[in-house]
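Now for the letters of each chain:
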Amino acid sequence: MSGVRDVVVVGGGVAGLSAARECARVGLSVTVLEAGRDLGGALASHEVAGLTLDSGAESFAVRRNAVAEFIEGLGLAERVVQPNAAGAWLCLPSDRPGGPAVSVPMPRAGVLGIPGSPLAEDVRRVIGWPGALRAWLDRLMPVLTIGREHSLGELVRKRMGRRVLERLVEPVTAGVYTSSADDLEVDVVAPGLNAALTVTGSLSGAVLSLRSAAPAGSAVSGLRGGMAGLVTALRAELDRFDVEVFTEAAVTSIRPVTAGPWQVTIAPRPEASEESGAPESPESPDTPEATAAPGGRESGDLPETLPETLSARFVILATPGAQALALIAPLGPQQKALGALHWPKPTPIELATLVLAAPELDAHPRGTGALVAAGAPGITAKALTHVTAKWDWVAETAGPGVHVLRLSYGRAGQKSPSARLTDDELLSLALADASAILGTPLSADQVLGFDRTRWGDALSPATVGARDRVDQVRRAVAALEGLEVTGAWLSGTGLASVIPDALATAGRTRRDALVL
């Protein structure tokens, strides 16, 4: 640990681990500092009823093959699996006042719920003939110019009407981005849509154009055994390249030294228990820090002493946005000004995972799950994933008649409906919601296991103005020699955005390190 490291990576999520591996592969000395107890960030896992399941991201987008190539380089290609092609459903408010929620299959030929064929039967089933005819009028409207509408919600509302927005688009954006469609930047969440609209002359035509250009097959893939396996493989690679990895190592400041290396200051580490020599456990096993993830604290991760300050020629910040901005702010006026930008308020999300003895779900009544529109009566969850219906490997591991459901709670602009609930209360709510969404009564005596996972400190990279904010961050960081920043808050949501950005960031650091 003595001497100057070539690179210190602050943050042990997928972005940080990927950047660290890329730097170490060319012989640079690298140290990774992770503030939490576990590595992997959103690629976390937990054990429920004896099953190891994803408690964070469960899949990756296959666009541009970026993640597939990365996974192949880690020797995991044989573990890549495809989800059930049955698809998901929508759970919607009834058109009849006081009526129960209505469940219908999600139309297939769309982009973020925007239909390519508004008069198609599966679209009419969701928005009705009046809504379909209003959406079809998009074909007769004047052509829009590129970039005229930044808000996805405004674009859909103007071109196709309120029914398409509320019953098709909003459930998707709430589930994928935890944001209202009105708050999402078109060019970020649907790259190429504005340009295609200008060429084709209609929004539905633009959707069909993007769909025809997309590769055939499923839009996402997963890993047998869970996405956390990617973290395990990355950790093994870091060990192979002699990368030092420290968890529970919160960085409090970074500063450049004139004609010298960067100084990285680390907060005092948790006191070790006198009996076990391990850090004390948090009070509640339900806190995010208690979620188990491969590659977390191991022997060697907690040396007797960790220096208060490390020296490094280069620093890569791969933390969530709020933490990165706090570390950057003291570095100069241009960097301090970043905090004053209009950053969206993070929306806390809570996942409730149920393992049930429920052979009545063998029929997969809602395909691979359902997205719930705001206002669907009697349902608090915003989405349900029928995990054993979506992933064959989970069904095989669980065994006959055993089903895994994962419900998501928390909508943008609203207080968390689950934050103040006890475990028993959240379990009861999840059972009631699952019963309503799936149209199948489920009871507490069927529960084999239950767990909750909280996520909630991420800045959305997709809201209106995101491109300008990201550009300002990158310019401010580029003004500081030896500093780089990466992560989902800059690159965009999902591994298909995070990994290429992390590799590009590491590539710049490698180039500079080998030249200087």
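One structure accompanies this document, and this report is about it. Every value quoted in this text rests on a predicted model; they were computed, and no experiment measured them.

The rules behind the values
Residues numbered from 1 in each chain as written. Predicted model: local features only at pLDDT ≥ 70, side-chain atom pairs only at ≥ 80, totals over all residues. Heavy atoms only, no water. Helix = DSSP H or I, 4+ residues; strand = E, 2+ residues; numbered from the N terminus. Buried < 20%, exposed > 50% of the residue type's maximum accessible area, 1.4 Å probe, protein only. Contact = heavy atoms within 4.5 Å. Areas by Shrake-Rupley, 256 points an atom, 1.4 Å probe, with all protein chains shown as cover. Arc of directions from axis to C-beta. 1 Å grid on protein atoms, 1.4 Å probe; cavity = no way out; pocket = protein on both sides within 12 Å on 5 of 7 lines; lining within 4 Å. Points joined across faces, edges and corners; volume = space filled by probe spheres on them. Nonpolar A, V, L, I, M, F, W, Y, C, P; charged D, E, K, R; others polar. Pairing = 2+ DSSP bridges. Axes fitted to C-alpha atoms, helices over the stretch in contact; angles between N-to-C directions. Left-handed = near helix turned anticlockwise from the far one by under 90°. Core = buried A, V, L, I, M, F, W, Y, C linked by side-chain atoms within 4.5 Å. Salt bridge = Lys/Arg side-chain N within 4 Å of Asp/Glu carboxyl O. Polar contact = N/O pair within 3.5 Å; in protein donor to acceptor, adjacent residues only side chain to side chain.

**Considerations on the overall build of the protein**
- For the protein, the helix and strand inventory stands at 17 helices and 21 strands.
- Relative to its 516 residues, the protein shows a buried fraction of 52%.
- The long-range fraction of contacts in the protein, counting pairs at least 24 apart against all pairs at least 6 apart in sequence, stands at 73%.
- A total of about 22500 Å² of accessible surface is found on the protein, and carbon and sulfur atoms cover 53% of it.

**Focus on helix α7 (residues 193-200)**
- Listed as buried for α7 are L193, N194, A196 and L197. Seen from one end, α7 has its buried residues packed into an arc of 165°, which puts them on one side.
- Of the surrounding secondary structure, the elements contacted by the buried residues of α7 are β10 (114-115), α4 (152-160), α6 (186-189) and α8 (203-213).
- Looking at the residues trailing α7, positive phi occurs at G201, about 90°.

**Things to note about empty space enclosed by the protein**
- Tallying each qualifying case throughout the model produces two cavities of 30 Å³ or more.
- Its volume calculated, the largest cavity comes out at about 120 Å³.
- For the largest cavity, the lining is made up of 13 residues, of which D54, E58, V387, W391 and V394 are closest to its centre.
- Of the residues in the lining of the largest cavity, the class split is eight nonpolar, two polar and three charged.

**Topic: the pairing of strand β3 (residues 45-48)**
- When β3 meets strand β4 (residues 51-54), the two strands line up antiparallel, connected through four bridges. Within the sheet, the bridge partner assigned to V48 lies in β4 and is L51.
- Count of turn residues in the β3/β4 antiparallel hairpin: two residues, of which A49 carries a positive phi of about 55°.

**A closer look at the environment of S497**
- Tracing the backbone through its elements, the reader meets S497 in helix α17 (residues 495-515).
- When its relative accessible area of 14% is taken as the criterion, S497 is described as buried.
- Remark: the alpha-carbon pair of S497 and A15, spanning 482 residues in sequence, is separated by 9.9 Å.
- Excluding residues that lie within four positions of it along the chain, S497 makes contacts with R63, S491 and G492.

**A short note on the packing of helix α1 (residues 14-24) against α17**
- At a minimum axis separation of 8 Å, α1 and α17 run at an interaxial angle of 35°. Between α1 and α17 lies a crossing whose hand is right-handed. Contacts between α1 and α17 pair V14, A15, S18, A19, E22 and C23 from the former with L495, V498, I499, A502, L503, A506, T509 and R510 from the latter.
- Its residues placed into classes, the contact of α1 with α17 shows ten nonpolar, two polar and two charged.

**Brief notes about the nonpolar core**
- Counting 39 residues, the largest nonpolar core has V7, V9, V30, V32, L230 and L495 as its most contacted members.
- The set of elements that each furnish at least two residues to this core consists of β1 (4-10), α1, β2 (30-33), α2 (66-73), α9 (228-240), β15 (309-317) and α17.
- Look past the residues within four positions of L495 in its chain and what remains in contact with it is V14, L43, F60, V67, M227, L230 and P500.

**Concerning the pattern of salt bridges**
- Under the defined criterion, the tally for this structure stands at 22 salt bridges.
- Ionic pairing is found between R240 and E237, a salt bridge with its closest N-O pair at 3.1 Å. Of this pair, R240 and E237 both sit in helix α9, three residues apart, which is roughly one turn of that helix.
- Linking R508 and E484 is a salt bridge whose minimum nitrogen-to-oxygen distance equals 3.0 Å. Within this pair, whereas R508 is found in helix α17, its partner E484 is found in strand β21 (residues 483-485), the two being separated by 24 residues in sequence.

**Some details on α4**
- Every buried residue of α4 is accounted for by L152, G153, L155, V156, R159 and M160. Down the axis of α4, the sector holding all buried residues measures 160°, keeping them to one side.
- You can read the cap of α4 off the contacts: a side-chain oxygen lies 3.3 Å from the backbone nitrogen of G153, and it is on S151.
- Of the residues one or two after α4, G161 is the one with positive phi, at around 100°.

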